[in-house]
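Listed here are the chains, written in short residue letters.
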Amino acid sequence: MSPPLTAEAAESSPPPALDIFPSAPIAPVSPYIFSGFLEHLGRCIYGGILPSTRTTFPHTPRRPCPPDGDFVDTPQTLLTPEGFRADVLGVLRDELRVPLVRWPGGNFVSSYNWKDGIGPHEQRKRRPELAWGGEESNLFGTDEFIAWCRVAKIEPYIVLNMGTGTLEDALHWVEYCNGTGDTYYANLRRKHTGRDEPHAVKYWGLGNEVWGEWQVGQQTAEAYAVKARQWAHAIRLVDPNVILVGCGETGVNQWDGVVLDELVDKVDMHSIHLYTGFGPRDRSQTEREYGRAVYGPDAAEYSIEVCKGLINKARFARSVSKSIKIAFDEYGVWDETVGTPQNGLEQFYNLADALAMASWLNVFVRQADIVDIACIAQSVNVISPLITSPSGLFRQTIYWPLYLFSRYMRDGTSVRVSLVSPTFAGETLPQWISEIKGRPKDLDASAVVHVDDPTGARTLRVAVVNRNESQSYTVPVRVAFERVGTEVEVHELWHADVRAQNGWGQEDVVSVKTRRAKWEGQWEFREHSFTLLVVSLDKTEV
């Protein structure tokens, strides 16, 4: 639990207050911060995007699920004409409105040969899967991914293999996807798909976590930068219109600085990865796990701020005038002792995890001027907001912040907020949040101004997480230079138990409650809650 305020601390702490400045825009919120990620891991692809079979994870053709096992076929009524899971596709496309998905990894990509995943299924090679263990059937390859993206109305983002892969492999992949001429791989795509038009993949990642010792083909920052610079040059000769994403680390590491200094004039974006709830600690101290979870996203904001400085330093040194944005293309809530390779990284989330997710999204909204892409890892079954069975799915607690932000903060312009709040004195994860960035605030907030098209009506959407485990706060919400409407639309995610989870047969234990109320210039934010407020705006004379 959050340590209670002492009488002395309570007297010295100013009362909480939230000031919002609609006349001080940060930047439009990129729709791509609501992006997803698919990796060939566990039941993400086979069981999430495609139906499971008796020979998919954790089974193989030589060791299939036995006839008397618990395998259940996915009903044909649950599949699209293309053979994809219609329920998963519907949630991602119609509810979360996911705009972009990163594929095929992740660690998986560093030993992935894309040519194994094209052509007739019966001719595809089954391979050892080196990143997570197990085997890869290659039944879901480039053409299937693009077909799924088209049905899902999603922009594809492909990561290149810079582990075992060669530059020649990469150039062939780009040609296969984007070639329009009378060339070998463009014609091979036409043969396989029966369509003349290219896949037109715009976003390409130059490797995944090449810095990591767990990566097949790990490299030093200096070696990677030289190699990536050569790849970027050659790829643009095949397709000069691609958007290239350089491989960063966490935004605050030496790797990021070295790579940006060498690549900033060759790439369009710099990727960083971070997970909250991840890392070594004394797990027997269960009373500290709540604080370790909900205050973790403060590390992401600091990473973004430092990375922004590194980007601009590198731009200055190389006289790069175009803006270079951050692709936070792996983020999420992951306890690596719960979601493991053995169980396909399936982790069941509680309310505390949902509050962490809401704070993650607040970070991306506040940093709208520099963060252009954010991909939750991952989109289904693997440390995911969605869990499937052969015949259905349920929405985890972390689904609801994603849903609310995607519905209400998308298409808005992020504006400045000033927040006075008590701070958290307990242990954070990572620990340096308190030591370097400073004690995190109990209250965490972001705001956008949304202009309706075509009426021009303006609304203010305010997202507030009260991360204090046991104390509610009544907070004045002051909106500068604007007249606020008399009614507020309220969306609240709360449960009495911070460890409450959703599950099979208990799909709505933690869910959003919506109501309307009279707006009186302040709001009581309940303990351990996420609240999204929507009020109308009328500009005042000043």
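The model shown is predicted, which means the values in this text are computed figures rather than measured ones.

J.: For this particular structure, what's the right way to read the pairing of strand E13 (residues 392-395)?
T.: Pairing of strand E12 (residues 386-389) with E13, which is carried by four bridges, proceeds in the antiparallel orientation. From the neighbouring strand, Leu386 faces E13, where its bridge partner is Arg395. Hairpin connection between E12 and E13: a loop of two residues separates the two successive antiparallel strands.

J.: What's the story with the nonpolar core in this structure? I'm lost.
T.: In summary, soluble globular proteins display a tendency toward joint burial of nonpolar side chains. Counting residues in hydrophobic clusters, the biggest one holds 141 residues, and the most contacted among them are Trp148 and Phe364. It is helix H10 (residues 351-366) that contributes the most residues to this core, twelve residues altogether. If sequence neighbours within four positions are ignored, Trp148 has contacts with Leu38, Ile49, Phe84, Leu89, Leu92, Val101, Phe140 and Ile154. Counting 23 residues, the second largest nonpolar core, distinct from the first, contains Val464, Tyr473, Trp523 and Leu537.

J.: Before we go on, may I ask you to explain helix H7 (residues 254-263) in this structure?
T.: An α-helix turns once per 3.6 residues; consequently, residues spaced three or four apart project the same way. Most of H7 is tucked away, with seven of its ten residues classed as buried. Looking at the buried side of H7, the elements it contacts are helix H6 (221-238), strand E8 (243-247), strand E9 (269-276) and helix H9 (297-318).

J.: Just checking my understanding: could you explain the packing of aromatic side chains for this structure?
T.: The description of two aromatic rings rests on the distance between their centres and on the angle between their planes. Tallied over the entire structure, the rule returns 31 aromatic pairs. Ring geometry for Tyr399 against Tyr403: centres 5.9 Å apart, planes inclined by 15°, an arrangement best described as stacked. Residue Tyr399 and its partner Tyr403 are both found in helix H11 (residues 399-408); the two are separated by four residues, about one turn of the helix. Considered together, Tyr399 and Tyr403 belong to a single accessibility category, that of buried residues. Between Trp400 and Tyr403, the aromatic rings sit 5.8 Å apart at their centres with planes inclined by 80°, giving edge-to-face as the arrangement. Taken as a pair, Trp400 and Tyr403 lie in helix H11 at a separation of three residues, close to a single helical turn. The residues Trp400 and Tyr403 share a single accessibility class, namely buried. Following the ring pairs from residue to residue traces out a cluster consisting of Trp103, Phe108, Tyr112, Trp114, Phe140, Phe145, Trp173, Tyr176, Tyr184, Tyr185 and Trp204. Over the aromatic face of Phe37 sits the side chain of Arg102, whose NZ or CZ is 4.8 Å from the ring centroid. Across from the ring centre of Trp494, 3.7 Å away, lies the NZ or CZ of Arg526, which sits over that ring.

J.: Help me understand the environment of Val29, please; the structure alone is not making it clear to me.
T.: Mapped onto the fold, Val29 is located in the loop between strand E1 (17-28) and strand E2 (36-37). For the pair Val29 and Ala293, spaced 264 residues apart in sequence, the C-alpha separation works out to 25 Å. Among residues more than four places away in sequence, those in contact with Val29 are Val365, Ala368, Met409, Asp411, Gly412, Thr413, Ser414 and Val448.

J.: Whenever I open this one, the confidence of the model for the protein chain confuses me. Can you help?
T.: One rule of thumb: low pLDDT means the predicted coordinates there are not for detailed reading. In the predicted model, the protein chain carries a mean pLDDT of 95, and the fraction of residues at 70 or more is 97%. Counted against residues more than four places away or in other chains, residues 6-11, with its pLDDT under 50, gives one contact.

J.: Any chance you could explain the pattern of salt bridges here in plain terms?
T.: Opposite charge on two side chains permits them to pair, given that their charged atoms come into close proximity. Summed over the entire model, instances satisfying the criterion amount to 35 salt bridges. Arg124 serves as the salt-bridge partner of Glu144, at 2.9 Å between the closest nitrogen and oxygen. In this pair, Glu144 sits in helix H3 (residues 142-152) while Arg124 sits in the loop between strand E3 (100-103) and strand E4 (127-128), placing the two residues 20 residues apart along the sequence. Taking the relative accessible area as the measure of exposure, Glu144 reaches 15% and is therefore buried. Judged by its relative accessible area of 11%, Arg124 is buried. A salt bridge links Arg526 to Glu492, with the shortest nitrogen-to-oxygen separation between them at 3.0 Å. Here Arg526 is found in the loop between strand E20 (522-525) and strand E21 (529-539), whereas its partner Glu492 is found in strand E18 (residues 482-493), with 34 residues between them in sequence.

J.: Sorry if this is basic, but what is going on with H3 here?
T.: The buried fraction of H3 amounts to nine of the eleven residues, a majority that puts the element mostly inside the structure. The set of residues buried in H3 consists of Thr142, Asp143, Glu144, Phe145, Ile146, Trp148, Cys149, Val151 and Ala152. The elements touched by buried residues of H3 are helix H2 (86-95), E3, strand E6 (155-159), helix H4 (167-178) and helix H5 (184-193). In the segment just after H3, Lys153 is the residue with positive phi, at about 60°.

J.: Honestly, the state of the cysteines in this entry has me stumped. Any pointers?
T.: Tallied over the full model, the rule gives zero disulfides. As a non-bridged cysteine, Cys44 has Cys149 as the owner of its nearest cysteine sulfur, 12 Å distant. Residue Cys44 is classed as buried on the basis of its relative accessible area of 0%. Of all cysteine sulfurs, the one in Cys177 lies closest to Cys149, which takes part in no disulfide; the gap is 11 Å.

J.: How should I be thinking about unusual backbone geometry in this particular structure?
T.: Note: most residues except glycine have negative phi, and most peptide bonds are trans. In this chain, Gly105 is followed by Gly106 through a cis amide linkage whose omega measures 15°. Note the cis peptide between Leu429 and Pro430, where omega equals 0°. Topologically, Pro430 is positioned in the loop between strand E14 (413-420) and helix H12 (432-437). In this structure, Lys153 takes a positive phi of about 60° despite not being glycine. Within the secondary structure, Lys153 is located in the loop between H3 and E6. In this structure, His528 takes a positive phi of about 35° despite not being glycine. Looking at the element boundaries, His528 is found in the loop between E20 and E21.

Definitions and limits used
Residues numbered from 1 in each chain as written. Predicted model: local features only at pLDDT ≥ 70, side-chain atom pairs only at ≥ 80, totals over all residues. Heavy atoms only, no water. Pairing = 2+ DSSP bridges. Helix = DSSP H or I, 4+ residues; strand = E, 2+ residues; numbered from the N terminus. Core = buried A, V, L, I, M, F, W, Y, C linked by side-chain atoms within 4.5 Å. Buried < 20%, exposed > 50% of the residue type's maximum accessible area, 1.4 Å probe, protein only. Contact = heavy atoms within 4.5 Å. Phe/Tyr/Trp six-rings, centres within 6.5 Å; stacked < 30°, edge-to-face > 60°. Lys NZ or Arg CZ within 6 Å of the ring centre and 35° of its normal. pLDDT = per-residue confidence, 0-100. Salt bridge = Lys/Arg side-chain N within 4 Å of Asp/Glu carboxyl O. Disulfide = S-S within 2.5 Å.

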